[in-house]
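What follows is each chain in one-letter form.
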Amino acid sequence: MSEPRTDAKICGMGHSMKRKEDPRFIRGQGRYIDDFTLPGMLYMDIVRSPHAHARIKKINTARALKIPGVLAVIDGPTLAKYNLHWMPTISADTQMVLPIDEVMYQAQEVCAVIATERYIAADGVDAVEVEYEPLPVMVDPHKSLAPGAPVLRKDKEGKKDNLAFHWQAGDKADAERALAASDVVISENVYLPRIHVASMETCGCIADFDTAQGKLTVYMTTQAPHAVRTVFALVAGHVGLSEEKIRIVSPDIGGGFGGKVPVYPGYVIAVAASVVIGKPIKWIEDRMENLQADSFARDYHMKVELGAKRDGTMTSLKIKTVADHGYANASANPSKFPTGLFSICTGSYDLKHAFCEVDAAYTHKPPGGVAYRCSFRVTEAVHAIERATDALAQKLNMDPAELRMKNFIKPEQFPYKSVLGWEYDSGNYGVALKKAMDIIGYDALRREQAEKRKKGDLMGIGISSFTEIVGAGPSRDFDILGIKMFDSAEIRVHPTGKAIARFGTKSQGQGHETTYAQIVAEELGIPAAHVQVEEGDTDTAPYGLGTYASRSTPTSGAACALAARKIRDKAKKIAAHLLEVSEQDLDWEPGKFFVKGAPQMAKTIQECAFAAYTNHPQGMEAGLEAVHYYDPPNLTFPFGSYICVVDIDRGTGDVKVRRFVAVDDCGNIINPMIVEGQIHGGLTQGIGPALYEEISYDDEGNISGGSFLDYYVPTALETPHWETDKTTTPSPHHPFGAKGVGESATVGAPPAIANAVVRKSASGRIRVATAMTTTMRTIERPAGEPV
Amino acid sequence: MIPAAFDYHRADTLDDALKLLKKYGDEAKVLSGGMSLLPMLKLRLASFAHLVDINRVPGLDYIKEEKGTLRIGAMTRQAALERSDLIRTQYPILADAVPLIADPLVRNRGTIGGNVANGDPGNDQPAIMLALGATFVARGSKERSIPASQFYKGLYSTALAPGEILTEIRIPAPPPKSGGAYAKLKRKTGDFAVAAAAVQLTLGKNGAIERAGIGLTNAGLTPVEAVDAAKYLVGKMPDEKTIAEAAKMAAAKSSPSADRRGSVEYKKEMARVLTARALRKAVQRAGGN
Ligand SMILES: Cc1cc2nc3c(=O)[nH]c(=O)nc-3n(C[C@H](O)[C@H](O)[C@H](O)COP(=O)(O)OP(=O)(O)OC[C@H]3O[C@@H](n4cnc5c(N)ncnc54)[C@H](O)[C@@H]3O)c2cc1C
């Protein structure tokens, strides 16, 4: 779609409408959890373990309880009375809410202090004395999986090892045969370090149990309010919470990125405390709690083997991954896909043989990992194939762009069935890469690089041609804890022609209040300015699985269009009635129905809406509203090609990104400005882990990277000027051809940087390694060299 | 991130402040910019029953050159140093460093007195003071001067006694043919140094080095003065070979610890690289070549 079909007054698809939510955000009038105060509200703060593994010998609360204003200390045994000391994770593993005897990671919740003021709660935490007996710590996932390793999850009856799960896709023997028959095979160890979403707002909630009504309202930072309600009902049914008596409200959220999908122990403790005490309880994490205890992302140790013919034709791919999940598998993944959509790892290439497997290990680290803006482990998959592609190019002494062009799935092959089982809906990869090469001036840069190399200067050019897979998902394959991954929209058109639209998703900054309004505008011709969008209150919004994995536009966005079309169908009947013609005689243009051949005989959507309440045809239901639950027939497959140029300080290994060109294709675009914003943010979150961010642990399980002092989130000054462009390949099955774009850039950017920075030298050492490839920087040059 | 309770006292004069400090002894702490003290309190890494705020104390905020000495009041904000023409034109070593300290928000509050009195080897200005041969003026029951080279005793431990306030920093004005430079490597804006080197030197008539001072940031538990390297330079022509050797000697004095900024090996190597770079720049600024 090129030109918008609607005018600027209606502001349907294709208009860069300013975001409707921004005036309140910019003026500091957003309402986040911590902005809420309820009458009689109490505050909770959490005592956390300094040890990664220890037996709790004693929790002494006497000193804390003496502080005026400290009302209670809740520990594991307290919760055990209600059988609430353990809870299921989203991946159907189990995780402690509060421990009875052992802590399993540093910063694990040990007990919670309830007090009349936030500051008093913190003093209470300081005054609780916990006696620990430190126990041996397992931090290395490889050692954890080795035979004879001590079993971490002794709570699991009969568990004899530390394997959280094994998962595989493809035909191993076939892939190995094809590798063996390849002319060249490269083998790369690729580690995607443990990182954190580090959203601006940390997690928190206010649990408010109304003893008079027996109703629990939880205001919380959640990306999936409905799913949380159902989980609460299932988990706490035995203490009398029933789903109609639970209301989850997710107000403005300051960034989620997957980190606000899980249910953390803090929420559950606050709920339990509110139910027992009968007062609202507020709990807000601080930054260090957020970084240290909330679900991490990535932490995939991948061994990638890629085979090819001498001419560069890729033949076979094999990936073996050891995934570090911490002490519980709390991944946010669809049930059937414990490693998410990792099997998209054949990427943009026409590979006929492939096999991948993942062994997930328990270690003494926080549980996870969440899908951090990665569309369910697609970042990991893309990194594996894109790094391997560059290694192959180097081995073949072939230009990496040329190698990609040679192996791309061709436009005429779509819909394309991948060897690992996906049906790519559409794509046109060569065009996107060519465009990126033209914008950046690829050939000239390669010449410059050759010159620089002669002088010993380090300049890198990195390419990433990624394929995304988003919009989970079709109900035949996709569910979370049994709930199918459809999503919903409900639109009500008011008598005066204005509308309210509600959704099962939940924006955390993505701009849903604008884009959904534009979809309604596109379909009904009601100006987007007249469409009020609401999400996040389970008492009012239709059921849905929430916002993550770039699924809102592919699912709720589709539901929105289809609900609007139902409304349009009804409005057409009303228009026919008002114009006294038959429906077949009417044509539609955005905003009005008119009689074919007599365009002056017309009824606007607003007139139809008014009539729906004032003058509807006899026999027709009054009102003008519709609900749609959209079950997508397939996923959508956005893609893009990124190229970056870096200059590396030979003396220090410092990497400066000189240019970064991103050509994205997310199908038809609702709001170009918002898409660009999503890409800017995603690219920045892509260079973060590529160059700066990492969480690691020493042998005792002590975290490093657990505060903003050493968790290096890039600032505006580290962020290069992004040069963005697009191609448009609409999804053939989505109602308006859109694909989802929230995560493309986070998925695609890291390998572009890594490919620019990492280069094996003849000696086998890596030229410059940053956080992406080893935990510390190393520089391939003799130490002591003049620099 | 919530500090333990403390009493807050605002001193209106230096004597007020000294009285309060005397009254509360080691239960009290001076609060200047608060950019290091407040985070420590919030993280409960330290707690003090009494904070004595000296932000309203008059006469501690100035940058002036008098009789061959640069005098900087302890309460001078980093932002003021950043804007000072005197610093920019005459003390490039400070002009290099200030914009690399933290971020503009922190520099608007943070003071040079707090930076050097904090006793954190990650602070940038202590190494610079070592290179410049600065002296710190402290007021307690009486006034005394402490050379920077004798000021740093250990991690967060300085020669200041509990009742003392640092009032002024005195730096000998560099003679003609002097040059200084600060080279800092950090992971990102707002980060402390991976490693950094401060170099101040003066060239003699024949172009040989007459005086040199070298300080290293984040290279041990205290700011490190690379005395041997500085001595080695004296009397030598500042050529590449000399610079390389001095840089090696300076790096040998560093004993950094491993953290997210790098391994010990990497940081030592960075101390060498950055010392060499600062030396080259200082020589160039001194009009050497
Ligand atoms: C995000 C961030 C990044 C930072 N990055 C850097 C950096 O890159 N480089 C760097 O050098 N610093 C950095 N800092 C620290 C900053 O420069 C502080 O401002 C400085 O360390 C302390 O100065 P202050 O005036 O804020 O002192 P305060 O925090 O008020 O005090 C610090 C200590 O010095 C004592 N003190 C202060 N003034 C006096 C005085 N006049 N007499 C006696 N004792 C006194 C206090 O009692 C306290 O113990 C950073 C700080 C932050 C928050």
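Residues numbered from 1 in each chain as written. Chains lettered and ligands numbered in written order. Predicted model: local features only at pLDDT ≥ 70, side-chain atom pairs only at ≥ 80, totals over all residues. Heavy atoms only, no water.

Topic: the overall build of chain A
Here is step 1: Broken down by element type, chain A carries 18 helices and 36 strands.
Here is step 2: Against the compact-globule benchmark of 28 Å for 787 residues, chain A has a radius of gyration of 27 Å, which places it among compact chains.
Here is step 3: Principal axes of the C-alpha set define a box for chain A whose edges measure 90 × 75 × 50 Å.
Here is step 4: Counting all 787 residues of chain A, 63% fall into the buried class.
Here is step 5: Across chain A, the fraction of contacts at a sequence separation of at least 24, relative to all contacts at a separation of at least 6, is 79%.
Here is step 6: Charged side chains in chain A number 86 positive and 97 negative. The centres of these two groups are separated by 2 Å. (Helix = DSSP H or I, 4+ residues; strand = E, 2+ residues; numbered from the N terminus. Rg over C-alpha atoms; globule rule 2.2 N^0.38 Å. Buried < 20%, exposed > 50% of the residue type's maximum accessible area, 1.4 Å probe, protein only. Contact = heavy atoms within 4.5 Å. Lys, Arg positive; Asp, Glu negative; His and termini not counted. Charge placed at Lys NZ, Arg CZ, Asp CG, Glu CD.)

Points about the sheet that holds strand β11 (residues 178-186) of chain B
Residues and elements named next belong to chain B.
Here is step 1: Taken together, four strands build an open sheet; the order of strands is β11-β12-β13-β14 and the sheet is antiparallel. The open sheet has two edge strands, β11 and β14 (224-225), and neither has a second partner.
Here is step 2: Bridging between β11 and strand β12 (residues 193-203) involves nine bridges; their strand directions are antiparallel. Residue pairing in the sheet places G180 in a bridge with Q200 of β12.
Here is step 3: On top of the sheet, helix α8 (residues 125-132) reaches β11, β12, β13 (209-217) and β14; it is set at about 165° to β13, its chief contact. (Pairing = 2+ DSSP bridges. Axes fitted to C-alpha atoms, helices over the stretch in contact; angles between N-to-C directions.)

Structural notes on the packing of aromatic side chains
Residues and elements named next belong to chain A.
Here is step 1: Taken as a whole and assessed by the stated rule, the structure comprises 25 aromatic pairs over all chains.
Here is step 2: Geometrically, the ring pair formed by F486 and Y629 is edge-to-face, given 5.6 Å between the ring centres and 65° between the ring planes. Taken together, the positions of F486 in the loop between β22 (483-484) and β23 (487-493) and Y629 in strand β29 (residues 625-630) put the pair 143 residues apart, joining distant regions of the chain.
Here is step 3: Connected via pairs of aromatic rings, a cluster forms that spans Y349, F408, F414, Y429 and F639. (Phe/Tyr/Trp six-rings, centres within 6.5 Å; stacked < 30°, edge-to-face > 60°.)

Here's the deal with the site of the ligand
All names here are of chain B.
Here is step 1: What surrounds the ligand is a group of 30 residues, the closest being V30, G34, S36, T111 and D124.
Here is step 2: Between an oxygen atom of the ligand and a side-chain N or O atom of S36, the distance comes to 2.6 Å.
Here is step 3: When the free accessible area of the ligand is taken as 970 Å², the share hidden by the protein chains comes to 91%.
Here is step 4: For the shell around the ligand, the elements supplying multiple residues, two or more each, are β2 (28-31), α7 (112-117) and β10 (165-172). (Near = heavy atom within 4 Å. Polar contact = N/O pair within 3.5 Å; in protein donor to acceptor, adjacent residues only side chain to side chain. Areas by Shrake-Rupley, 256 points an atom, 1.4 Å probe, with all protein chains shown as cover.)

A look at the pattern of salt bridges
Residue and element names in this part refer to chain A.
Here is step 1: On inspection of all chains with the given rule, the structure shows 75 salt bridges over all chains.
Here is step 2: With its nearest N and O atoms 3.0 Å apart, the salt bridge here joins E522 to R5. One end of the pair, E522, is in helix α14 (residues 512-524); the other, R5, is in the segment before α1 (22-26), with 517 residues separating them in the sequence.
Here is step 3: Residue E522 is classed as buried on the basis of its relative accessible area, which comes to 3%.
Here is step 4: Take R5: its relative accessible area is 51%, and that puts it in the exposed class.
Here is step 5: Among the salt bridges present, the one from R502 reaches E534, with a minimum N-O distance of 3.0 Å. (Salt bridge = Lys/Arg side-chain N within 4 Å of Asp/Glu carboxyl O.)

Here's the deal with the interface of chain B and chain A
Here is step 1: The partner chain A presents 34 residues to the 26 residues of chain B that form the contact.
Here is step 2: Here chain B packs against chain A, burying approximately 2,600 Å² in sum over the two surfaces, 54% of which is carbon and sulfur.
Here is step 3: For the chain B face of the interface with chain A, the top three residues by lost area are R187(B), K188(B) and R260(B), together amounting to 32%.
Here is step 4: Scanning the region where chain B abuts chain A turns up four salt bridges. (Buried area = accessible area lost by both parts, 1.4 Å probe.)

Re unusual backbone geometry
Backbone geometry follows two general trends: most residues other than glycine have a negative phi, and most peptide bonds adopt the trans configuration.
Here is step 1: The omega angle of the peptide bond from F414(A) to P415(A) is -10°, so this bond is cis rather than trans.
Here is step 2: With respect to the element layout, P415(A) can be found in the loop between α11 (400-407) and β18 (416-417).
Here is step 3: Each neighbour pair has its own omega, and for A472(A) with G473(A) the value is -20°, a cis peptide bond.
Here is step 4: You can see G473(A) is positioned in the loop between β20 (458-467) and β21 (479-480).
Here is step 5: Phi at R373(A) is positive, roughly 40°, even though this residue is not glycine.
Here is step 6: Structurally, the position occupied by R373(A) is in the loop between β17 (353-361) and α10 (378-396).
Here is step 7: Phi is positive for Y156(B), close to 55°, though the residue is something other than glycine.
Here is step 8: Along the chain, the position of Y156(B) falls in the loop between β8 (152-154) and β9 (157-158).
Here is step 9: Exposure remark for Y156(B): the relative accessible area of 40% places this residue in the partly exposed category.

A closer look at the sheet that holds strand β27 (residues 592-595) of chain A
All names here are of chain A.
Here is step 1: On the basis of which strands lie adjacent, the open sheet formed by three strands has the order β26-β27-β28 and antiparallel pairing. Edge strands, defined here as strands with exactly one partner in the open sheet, are β26 (586-589) and β28 (598-604). The mean angle between the axes of side-by-side strands here comes to 35°, regardless of whether they run parallel or antiparallel.
Here is step 2: Along the sheet, helix α16 (residues 605-614) contacts β26, β27 and β28; its crossing angle with β28, the most-contacted strand, is approximately 50°.

So, the domain arrangement of chain B
Here is step 1: Examined at the domain level, chain B breaks down into domain 1 (7-53), domain 2 (63-172) and domain 3 (178-283).
Here is step 2: Spacing between the C-alpha centres of domain 1 of chain B and domain 3 of chain B amounts to 34 Å. (Domains from an automatic or database assignment.)

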